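# Descriptive analysis of the structure
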Amino acid sequence: KILIAGNFISYNGSTRDNVVRLNSDGSLDTSFDAGLMNDTGVVDDIAQTSSGKIVIGGLFGSINGIAKVNLAQLNADGSVDTGFVHPILDGRVTVILSQPNDKLFIGGSVFTFNQPQAFFKGIVKLNAKGSVDNTFSNGTGANGTVFSIIQQLDGKIIIGGGFVSYNGTNRQGIARINTDGSLDNSFNPGGGALGRINKLAIDITGKVFAAGNFQIFDGITVGNIVRLRSNGSFDQSFSIGKGSNRAISAIDIQNPASILVGSGSEFNGNARGGMARLSNISTVFPNFDYDGDGKTDISIFRPSNGQWWLNRSSTGIIATEFGNSSDKPVPADFTGDGKTDIAFWRPSTGEWFILRSEDSSFFSFPFGTSGDIPTVGDFDGDGIYDPVIFRPSTGTWFISTSMQGVIIQNFGLDGDVPTVGDFDGDGKSDIAIYRPSNGQWWLNQSSAGIVATTFGTSTDKTVQADYTGDGKTDIAFWRPATGEWFILRGEDSSFFSFPFGTSGDIPVVGDYDGDGKADSAVYRPTNGTWFINATTQGVIIQSFGLNGDIPTPSVFNF
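Below is a summary of the structure that appears in this document.

Let's shift gears to the layout of surface pockets. Where empty space is left becomes clear once a probe the size of a water molecule has been rolled over the atoms. Computed from the structure, the second largest pocket encloses a volume of approximately 530 Å³. Forming the walls of the second largest pocket are 23 residues, and the residues nearest its centre are Asp45, Ile46, Lys199, Leu200 and Ile251. Elements supplying a minimum of two residues to the lining of the second largest pocket: β1 (2–5), β5 (42–48), β10 (93–98), β13 (146–151), β18 (193–202) and β22 (250–255). The residue inventory of the lining of the second largest pocket, partitioned by class, reads 16 nonpolar, three polar and four charged.

To continue, consider the pattern of salt bridges. Within this structure, the stated rule accounts for 18 salt bridges. We note a salt bridge from lysine 125 to aspartate 133, for which the minimum N-O separation is 3.8 Å. One exposure class covers both lysine 125 and aspartate 133, and it is buried. Among the ionic pairs, arginine 391 bridges to aspartate 372, the shortest N-O distance being 2.8 Å. A residue pair is termed long-range when its members are at least 10 positions apart, and arginine 391 in strand β35 (residues 386–391) and aspartate 372 in the loop between β33 (362–366) and β34 (373–377) qualify at 19 residues. Residue arginine 391 is classed as partly exposed on the basis of its relative accessible area of 22%.

Turning to the sheet that holds β5, a few remarks are in order. Across the sheet, three strands lie side by side as β5-β6-β9; this open sheet has antiparallel pairing. Across the chains shown, the open sheet's two edge strands, defined by having one partner strand only, are β5 and β9 (71–74). On average, adjacent strands in this sheet sit at an angle of 25° to one another, irrespective of strand direction. In terms of strand pairing, β5 meets strand β6 (residues 54–59) through six bridges, oriented antiparallel. By the bridge assignment, alanine 47 is partnered in β6 with valine 55.

To continue, consider the packing of aromatic side chains. Under the definition given, this model contains 20 aromatic pairs. On the basis of an interplanar angle of 25° and a centroid distance of 6.1 Å, the ring pair of phenylalanine 288 and phenylalanine 556 is categorised as stacked. Taken as a pair, phenylalanine 288 in the loop between β26 (275–279) and β27 (298–302) and phenylalanine 556 in the segment after β50 (550–551) lie far apart in primary sequence, 268 residues in all. A single burial state applies to phenylalanine 288 and to phenylalanine 556, both of which are buried. Here the aromatic rings of phenylalanine 390 and tryptophan 397 are separated by 5.2 Å at their centres, their planes lie at 55°, and the arrangement is tilted. As far as burial versus exposure is concerned, phenylalanine 390 and tryptophan 397 are alike and both buried. Connected via pairs of aromatic rings, a cluster forms that spans Phe322, Phe344, Phe353 and Phe362. Taking the ring centre of phenylalanine 147 as reference, the NZ or CZ of arginine 196 above it sits at 4.2 Å. The cationic tip of arginine 479 hangs over the ring face of phenylalanine 486; the distance from NZ or CZ to the ring centre is 4.9 Å.

This brings us to the sheet that holds strand β23 (residues 258–262). Pairing between sheet strands relies on hydrogen bonds along the backbone, with the strands arranged either parallel or antiparallel. Spatially, three strands are ordered β22-β23-β26 in an open sheet, and the strand pairing comes out antiparallel. Either end of the sheet is taken by a strand with one partner, and the two such strands are β22 and β26. On average, each strand axis in the sheet is tilted by 25° relative to the strand beside it, whichever way the strands run. The pairing of β22 with β23 spans five bridges and is antiparallel. Paired with alanine 250 across the two strands is glycine 262, which belongs to β23.

Quick notes on the rules
- Residues numbered from 1 in each chain as written.
- Predicted model: local features only at pLDDT ≥ 70, side-chain atom pairs only at ≥ 80, totals over all residues.
- Heavy atoms only, no water.
- 1 Å grid on protein atoms, 1.4 Å probe; cavity = no way out; pocket = protein on both sides within 12 Å on 5 of 7 lines; lining within 4 Å.
- Points joined across faces, edges and corners; volume = space filled by probe spheres on them.
- Helix = DSSP H or I, 4+ residues; strand = E, 2+ residues; numbered from the N terminus.
- Nonpolar A, V, L, I, M, F, W, Y, C, P; charged D, E, K, R; others polar.
- Salt bridge = Lys/Arg side-chain N within 4 Å of Asp/Glu carboxyl O.
- Buried < 20%, exposed > 50% of the residue type's maximum accessible area, 1.4 Å probe, protein only.
- Pairing = 2+ DSSP bridges.
- Axes fitted to C-alpha atoms, helices over the stretch in contact; angles between N-to-C directions.
- Phe/Tyr/Trp six-rings, centres within 6.5 Å; stacked < 30°, edge-to-face > 60°.
- Lys NZ or Arg CZ within 6 Å of the ring centre and 35° of its normal.

Structure, rendered in structure tokens:
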């Protein structure tokens, strides 16, 4: 059944004051009736406890003639639970978070409690019967209204709202709180939101989404929604372009790959009638994430027997046969479920074969011909990777988009290699090539137009990815002769370099620690060893594979 709360006096012609319960078919559940509130009453949030009670909060003074100021607990039939006795709240309740033990986090403005006298700002924790839980002490609390509360698996909570500090420490719009109510200083959002955060959500990887009415976050222009890493830092690899043209009032994480937001009439310049679905997948580079936990997985394709071996970071090792020795591995998330699908392209016939990660069924289709170079990208920004063919003989691109059909475009010369990425950070892959003959990169950016730059030599290997976490693919190459990495920053065109690897290694760039930044990594085929220079975990060394295997994170580096 469905609980609805807000500011209304009837549902489908039946009197119901601000709270209603519906059957699964949308009809009114007549067994639930909370009665009438005072004339100016409004309910801002509703929650259900583990024992089946219903808790409502907002701005009201009574329910069905019983004095209840801004907070009440109802029985399953809608009647007031008189056994839930909370101190009188004089602040509006905007959000309720129920705990497994029926305790409650209550968020809102300033709460002054009587019986006994107590003073809380922004958030308070109540016991199951309504009394204040004094084990949660937030000091001076938030100096503004709290509009959203979410909880991590470790019990810590994150609050969002219209405040600029928590217990005296600067936290603009968002803060993480320890289980005792103290500020968690390890979660630092920098300058935070210049405005108000209305809603928070957290995905299975621990990344936090904050949405509301703000155009600046940590000093960077945004469009009313951001994604944060688990330490609170701004994850710019979540590229939304202009974002929403109005404040965002709701977020729902539908699955690891997509997010639904309640927004304005436009999102990133596209007409949307108050709602938009966003991709939670980085288009900056394929992540080779076979289990959907936001981290690149160590993985190989074995041409000798057509086997795929995946060492998944969350769900362990699996192996399957799919393909033969002459096939080209092209793994990516072709179905939009947030997991990389095992896939290959057959040069002899130009066919693509894709093994769905969700149910291990497969589908195939012809796209390309012998002599073409297969690659992938999300060229329409829908969170689903598109099969791509680059025909070097004519410099022609063939892109089979999931939303716009087949796009055919000339860009490049014979001898060029495709280097797909999101170089302008608009959430869409860009057509791009590297010209080994003169070390030139040519980028046909979907929002910023064509640019060209010289960076590399004829023997260098392209390893474009977002190494700095700004949401833009960085031009980059690995030099086999010296094992050096050279990275041209997308934000200011400065470069840096460092040694990692040796002659004979294969570069296998990916985001192995899931922090939104690409990690330099190499696979040593002579002994099947992976060397990963993770940005948050240091160097990881792991044996996985045999001589002759193809490491899958290398397949789009030419």
